[in-house]
Amino acid sequence: MTPRNVQAKDDLELKDSPATSDKESEVTKLNRLLGAVMRYLSDDEQEEIDIEYLLENTEGLREWWSEYRELDRKRVEEEIKNSLTDLSLEELESIREQIRKKE
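Here's a quick rundown of the structure. (Residues numbered from 1 in each chain as written. Predicted model: local features only at pLDDT ≥ 70, side-chain atom pairs only at ≥ 80, totals over all residues. Heavy atoms only, no water.)

**Observations concerning a negative patch on the surface**
A surface patch of like charges, here negative, comprises Asp-22, Glu-26, Glu-59, Glu-63 and Glu-67. Looking at the negative patch, the elements that each hand over two or more residues are helix 2 (22-42) and helix 4 (61-83). Within the secondary structure, Glu-67 is located in helix 4. (Patch = residues over 30% accessible without salt bridge, like charges linked within 9 Å, V, L, I, M, F, W, Y side chains within 5 Å. Areas by Shrake-Rupley, 256 points an atom, 1.4 Å probe, with all protein chains shown as cover. Salt bridge = Lys/Arg side-chain N within 4 Å of Asp/Glu carboxyl O. Lys, Arg positive; Asp, Glu negative; His and termini not counted. Charge placed at Lys NZ, Arg CZ, Asp CG, Glu CD. Helix = DSSP H or I, 4+ residues; strand = E, 2+ residues; numbered from the N terminus.)

In structure tokens, the structure reads:
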């Protein structure tokens, strides 16, 4: 099986450099996460994809995924708010009914 969470030598050097900016650190982190996921996905021994395994065994991936989903939720909320003025009264009432059913 392919090892998980192995940092590349360049990643370690970038991380330890005092001149590394926050943006470079974020890019390094995302490269490590993407590399770990791609190693897992490209492993010929894997018969099925286990997302929970990836989230549990890739350091920082669960936290990144949670943050990403929250940002995406906020984007969706803003998109919905911005589109409300374009909806008819009937459409707005239909949305209100859907919300009430959830409560």
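Anyway, onward from the coordinates.
**Here we look at the packing of aromatic side chains**
Evaluated as defined, the whole model comprises four aromatic pairs. For the ring pair Trp-64 and Tyr-68, a centre distance of 5.4 Å and an interplane angle of 25° mean the geometry is stacked. Separated by four residues within a single helix, Trp-64 and Tyr-68 lie in helix 4, roughly one turn from each other. Under the relative-accessibility criterion, Tyr-68 is labelled partly exposed at 35%. Site record: aromatic cluster; members linked through ring pairs are Trp-64, Trp-65 and Tyr-68. The ring of Tyr-68 has Arg-75 lying over it, and the distance from NZ or CZ to the ring centre is 6.0 Å. (Phe/Tyr/Trp six-rings, centres within 6.5 Å; stacked < 30°, edge-to-face > 60°. Buried < 20%, exposed > 50% of the residue type's maximum accessible area, 1.4 Å probe, protein only. Lys NZ or Arg CZ within 6 Å of the ring centre and 35° of its normal.)

**Thoughts on a nonpolar patch on the surface**
A contiguous nonpolar patch, built from Val-76, Ile-80, Leu-84, Leu-92, Ile-95 and Ile-99 and spanning about 440 Å² of accessible area, is present on the exposed surface. Elements with a minimum of two residues in the nonpolar patch: helix 4 and helix 5 (89-102). Its place among the elements puts Val-76 in helix 4. On the accessibility criterion, Val-76 (40% relative accessible area) is partly exposed.

**Describing the nonpolar core**
Of all hydrophobic cores here, the largest spans six residues; its members are Leu-33, Val-37, Tyr-40, Leu-54, Leu-55 and Leu-61. Secondary-structure elements contributing two or more residues to this core are helix 2 and helix 3 (51-57). Examining the composition of this core, we find that three residues originate from one element, helix 2, more than from any other. Residues within four places of Leu-33 in sequence aside, it is in contact with Thr-58, Glu-59, Gly-60, Leu-61 and Trp-64. (Core = buried A, V, L, I, M, F, W, Y, C linked by side-chain atoms within 4.5 Å. Contact = heavy atoms within 4.5 Å.)

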